[in-house]
Amino acid sequence: MSGNPARGTFDPIPSTRGRPTVRVATQLPPVAEAAALAVPVSEGGQPPADLGVDAAQLEVAGFAGKSSQTLVVPGADGRALVALGIGSGDTIDLATVRDLAADFARAVPQHKTLAVELPVGDLAISAADFAQVVVEGVLLARWRYFVGKGGDEPTLTSLTLVAPAAVADDVREGARRGEVVARAAAISRDLSNCPATTLTAARMAEVAQELAPGAGLEVEVFAEDQLIEMGCGGILGVNLGSVDEPRLIRLRYSPPDPTGRLALIGKGVMYDSGGISLKPADESHAQMKNDMTGAAAIMGAMTALGELGCSAAVTAYLCCTDNMPSGSAMKLGDVLTMRNGKTVEVLNTDAEGRLVMADGLCLATEEPVDAVVDIATLTGACLRTLGVEVAGVMGNSSHLIGQVEEAGGIADEPVWELPLYRPYRKQLDSSIADLTNMGGVNAGSITAALFLEEFVDAHPWAHIDIAGTAQQPAVRTWRNKGASGFGAKLLIELAMRFEVPEGDD
Ligand code: BES
Ligand code: MN
Ligand code: ZN
């Protein structure tokens, strides 16, 4: 990229360089290789003898073993032993293990070499899955985006999983999957946190071209001239006010004899100022560099499919431009002609996400495809409705929506269905065009989804609104504060388990 320091001289995906070593051992390595060890302690029970302190001593220190409670105990060998509360519940699920692993990693922030002993004996969770979520939890808790002094310093150099020899191979395979998933999520977070003047649509396309070969993906980038030829009036309309060109990025993952064909469409609004309908100078405006989290989540997820052996073919469309006010910007009352020929009267330039997504949805449904899933920071209304911990999902196929919900559960990136209440479609009626881009003041997430439905050509489709979950107000176990990259893990799980939806509507 150019050397203009105002555009930033740093890498848009810094955290993916210099990754920690993840290894599996059958016994605890020396302190030099693992300076901190997690020691799970249940509530009300005696801690394991290797902790070197008993329940009464732990109580003196205020540690009762409640879930996610941690206490660092200096070990006799110079190692930090982290008493990790696991509560008294008898069911430990994957999300809990991932959370506990993250709590451990955060309890000893100065320690760069960590070890976790996997439990022996019968567990509801397989050794491989256990290892996967431990690796995800630790690596994602130690992820950071910092491009200032010392930002290149790794926060973690090694993670050792200690497991009985009998399951070592399973653990190794699970740990490998965990690394792949954590890296995908890290790419999504990096891109979402990267400042908008650094990560323009053109730079986003370069990142896609850089990542694609290593991940076995085919990549094609469509620039402004091509988008004009293709009739992508939505992306071009939103881009009118910008000095930075738009890009449509198409990534293809094509395994031999695919078991299904899935299309993913991501909102890539590199910065959403609102355009002429300028946003107020509040906190949410300051977060709008993350308005490309949908595209970032897809980019991360796509890099993982080959390494995880996904059997479905997946094609991604990332619809990238910023949304800026200027003398050339889209005006209220303008009419855009979208890729499928439908005309849209623009009544609010801040309802830009649906405009860029419309073209992506049209392109995705022009070729044979079994299901279409889009992901977008689409509506402030979704943030108001569901808050920051759960994303909204709507669509025309309950089987597909069910698959999105299941994937969200496994990834611990939860979604909740909102109704695609079709009588509200009339709110989008225009007197001069096929539809407007603005519904009424209420049910904004639903009318936005109904707008998108106009462009899916009746294919099985689900829309994930991540406006709430794309930004986290505070650290929460493996989740970071700030732009979260929400959705990469969910999309991986969706693609891995994808089944051609049965017609139900
Ligand atoms: N990117 C925003 C949605 C958003 C808002 C995401 C707050 C995260 C936090 C989107 O482009 C937008 O501005 N939507 C408008 C739509 C309205 C003008 C119909 C909104 O939600 O206010
Ligand atoms: Mn907007
Ligand atoms: Zn937006």
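All of these numbers come straight from a predicted model, not from anything done at the bench.

**Some points on the site of ligand 1**
The immediate surroundings of ligand 1 are formed by 16 residues, with Asp272, Asp291, Asp350, Glu352 and Gly380 found nearest. Separating a nitrogen atom of ligand 1 from a backbone N or O atom of threonine 377 is a distance of 3.3 Å. The fraction of the free accessible surface of ligand 1 (520 Å²) that becomes covered by protein chains is 82%. Spatially, ligand 1 is embedded in the largest pocket.

**Things to note about the domain arrangement of the protein chain**
We note that the domain assignment places domain 1 (14-186) and domain 2 (195-496) within the protein chain. Computed over C-alpha atoms, the centres of domain 1 and domain 2 are 35 Å apart. For the domain 1 and domain 2 pair, buried surface summed over both sides reaches about 1600 Å², with 58% attributable to carbon and sulfur atoms. In terms of surface lost to domain 2, no three residues of domain 1 exceed Arg98, Arg106 and Ala184, which account for 28% of the buried area on that side. Linking domain 1 to domain 2 there are one salt bridge. Taken together, domain 1 and domain 2 are joined by seven residue pairs in polar contact (both at pLDDT 80 or more). Those elements that place two or more of their residues in the side of domain 1 that touches domain 2 are helix H2 (94-107), helix H3 (127-141) and helix H4 (168-193).

**Quick look at the nonpolar core**
As a rule of thumb, nonpolar side chains are buried together in soluble globular proteins. Leu191, Met204, Leu251, Met302 and Ile464 are the most contacted members of the largest nonpolar core, which totals 65 residues. Each of domain 1 (14-186) and domain 2 (195-496) gives at least three residues to this core. Among all residues touching leucine 251, those that are not within four sequence positions of it are Ala208, Ala212, Leu217, Glu218, Val219, Met299, Met302, Val314, Thr315, Ala316 and Leu318. If you look at the next biggest cluster of nonpolar residues, it comprises 44 residues, including Ile235, Tyr317, Cys319 and Ala448.

**Points about the packing of aromatic side chains**
Enumeration over the complete set of coordinates arrives at two aromatic pairs. A ring pair is formed by tyrosine 421 and tyrosine 424, whose centres lie 4.7 Å apart and whose planes are at 70°; its orientation type is edge-to-face. For tyrosine 421, a relative accessible area of 40% puts it in the partly exposed group. For tyrosine 424, a relative accessible area of 30% puts it in the partly exposed group. In this arrangement the basic side chain of lysine 342 is found over the ring face of phenylalanine 455, its NZ or CZ atom lying 6.0 Å from the centre. We note lysine 489 situated over the ring of tryptophan 478; from NZ or CZ to the ring centre the distance is 5.1 Å.

Cut-offs and rules
Residues numbered from 1 in each chain as written. Chains lettered and ligands numbered in written order. Predicted model: local features only at pLDDT ≥ 70, side-chain atom pairs only at ≥ 80, totals over all residues. Heavy atoms only, no water. Near = heavy atom within 4 Å. Polar contact = N/O pair within 3.5 Å; in protein donor to acceptor, adjacent residues only side chain to side chain. Areas by Shrake-Rupley, 256 points an atom, 1.4 Å probe, with all protein chains shown as cover. 1 Å grid on protein atoms, 1.4 Å probe; cavity = no way out; pocket = protein on both sides within 12 Å on 5 of 7 lines; lining within 4 Å. Sits in = over half its atoms within 2 Å of the grid points. Domains from an automatic or database assignment. Buried area = accessible area lost by both parts, 1.4 Å probe. Salt bridge = Lys/Arg side-chain N within 4 Å of Asp/Glu carboxyl O. Helix = DSSP H or I, 4+ residues; strand = E, 2+ residues; numbered from the N terminus. Core = buried A, V, L, I, M, F, W, Y, C linked by side-chain atoms within 4.5 Å. Buried < 20%, exposed > 50% of the residue type's maximum accessible area, 1.4 Å probe, protein only. Contact = heavy atoms within 4.5 Å. Phe/Tyr/Trp six-rings, centres within 6.5 Å; stacked < 30°, edge-to-face > 60°. Lys NZ or Arg CZ within 6 Å of the ring centre and 35° of its normal.

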